Each structure stands twice: as C-alpha cells, then as structure tokens.
Amino acid sequence: MCDWDLINKVWAKVEEDLAGNGQTVLLRLLEEHPETKAHFPKFKDIPLGQLTSNADVKTHGNTVFKALGDVVKQKGKHASNLQALATTHINKHKIPPQNFTLITNVILKVFAEKFPGEMTAPAQEAFSKAFKAICSELEDLYKKGGFQS
Ligand code: HEM
C-alpha cells in the first residue's frame, strides 16, 4: 500500500510553485538523459543552455505537474488518469514507456533536494513505491495499447 496522504502532504508544498517545480524536473530530465530531448518537438532543436529560460519548458512543466497532481489526488484510484496519459503518450507523442521511470526518478531526486523538510525518509519511500506502481501500470497499458517504438 502507498501512503497517499503523506504524498499529498508533500504535493501541497510542490503546488506552491507548480510550474517552477515542473520546469526544474523537465530541465533535469533533459540534462541527465539528453536522449529524451528528441521526443519533444518543441525542444529538440534548441540547445539545453537556452532551454533554461524557455517559456514553453515552464508551461509544459506546469502541464505535466498538473496531470501528476491529478493522479496523486486520486490516492490510488487513478486508472482513468493513467489510461488518458498512456493513450496520448503511446499514440500521439510516441514515448517509450521506460521514459516514465526516468522522469519519476528525476522527480524523486529534485524533491529531495528542494524540499528536504517535507521529503523525510518515509515520504521518499512513499513516493518511490507510488511511482514504481504507476510506472508498472503504465507499462501494462502500453502492452495493451500495442506500443511500437
Ligand atoms: C510524470 C509523467 C508524465 C506526465 C504526468 C505527463 C503529462 C503530459 C500531459 C498532461 C501532456 C499534455 C496532454 C497530453 O498530450 O496528454 C503531455 C504531453 C507531452 N508529453 Fe508527457 N507526461 C509525462 C511524461 C513524459 C515523458 C517522460 C516524456 C518524454 C520523454 C513526455 C513527452 C511528452 C510530449 C512530447 C508531449 C507533447 C508536448 C507538446 O505539446 O509539444 N511526457 N504530457
């Protein structure tokens, strides 16, 4: 079982600057896993150094974190949220499923750095468990959706 209440407590802190926190995560993803940049039509031809001040990155960070917040707030009853994400990321954006593991690992790292007060050991454990479950559910949906890379 995931401790969704603990996760939501940290998420309230994340929401104090949802776009800024989403932006930090996206930039860290692109920095630590440069191959992911090719998946973003809006960013793929822009050097990483210029993306730090790119308004579209912040806007997309907000979009991603809004959707992830919607998942977190379901406290485990997120099947329809994940189905919607899987459908667009399979068919429209064509994102291989292992990228969800990359981004959720980056999120864990960024939160531990930015929110040391909230990301206690139990909170880190709760996020880690929840993200593993979410990634594995997405992988199942990708299999059902017949994802072809
Ligand atoms: C926490 C995991 C993620 C969440 C919650 C998320 C959420 C979203 C949402 C809400 C959208 C816009 C609506 C839609 O098309 O569904 C979107 C678009 C997109 N996502 Fe994700 N996403 C995640 C992970 C990723 C990853 C790991 C990649 C690639 C490495 C990715 C690539 C894209 C692309 C390319 C778009 C279209 C962007 C554009 O407007 O140009 N996403 N995502």
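Rules used throughout
Residues numbered from 1 in each chain as written. Predicted model: local features only at pLDDT ≥ 70, side-chain atom pairs only at ≥ 80, totals over all residues. Heavy atoms only, no water. Helix = DSSP H or I, 4+ residues; strand = E, 2+ residues; numbered from the N terminus. Rg over C-alpha atoms; globule rule 2.2 N^0.38 Å. Buried < 20%, exposed > 50% of the residue type's maximum accessible area, 1.4 Å probe, protein only. Contact = heavy atoms within 4.5 Å. Areas by Shrake-Rupley, 256 points an atom, 1.4 Å probe, with all protein chains shown as cover. Lys, Arg positive; Asp, Glu negative; His and termini not counted. Charge placed at Lys NZ, Arg CZ, Asp CG, Glu CD. Donors = N, O, S within 2.8 Å, 3.2 Å for Na, K, Ca; no water. pLDDT = per-residue confidence, 0-100.

Draft legend 1. Inspection of the overall build of the protein at higher detail. For the protein, the helix and strand inventory stands at seven helices and zero strands. In summary, the protein has a C-alpha radius of gyration of 15 Å against a globular reference of 15 Å for 149 residues, a match within 12%. A burial count over the protein gives 43% of its 149 residues as buried. For the protein, restricting intrachain contacts to residue pairs at least 6 apart in sequence, the fraction spanning at least 24 positions comes to 73%. Per element, the accessible surface of the protein, about 8200 Å² overall, is 55% carbon and sulfur. Side chains of the protein give 19 positive and 17 negative charges; the mean places of these two sets differ by 4 Å.

Draft legend 2. Highlighting the coordination of the iron atom of the ligand. Coordination of the iron atom of the ligand by the protein involves just one donor, H89 (NE2), at a distance of 2.1 Å. Considering the arrangement of structural elements, one finds H89 in helix α5 (residues 79-91).

Draft legend 3. Quick look at the confidence of the model for the protein. Here the protein shows a mean pLDDT of 97. Residues at 70 or above account for 99%. Among the prediction metrics, the complex's ipTM stands at 0.99, with pTM recorded as 0.97.

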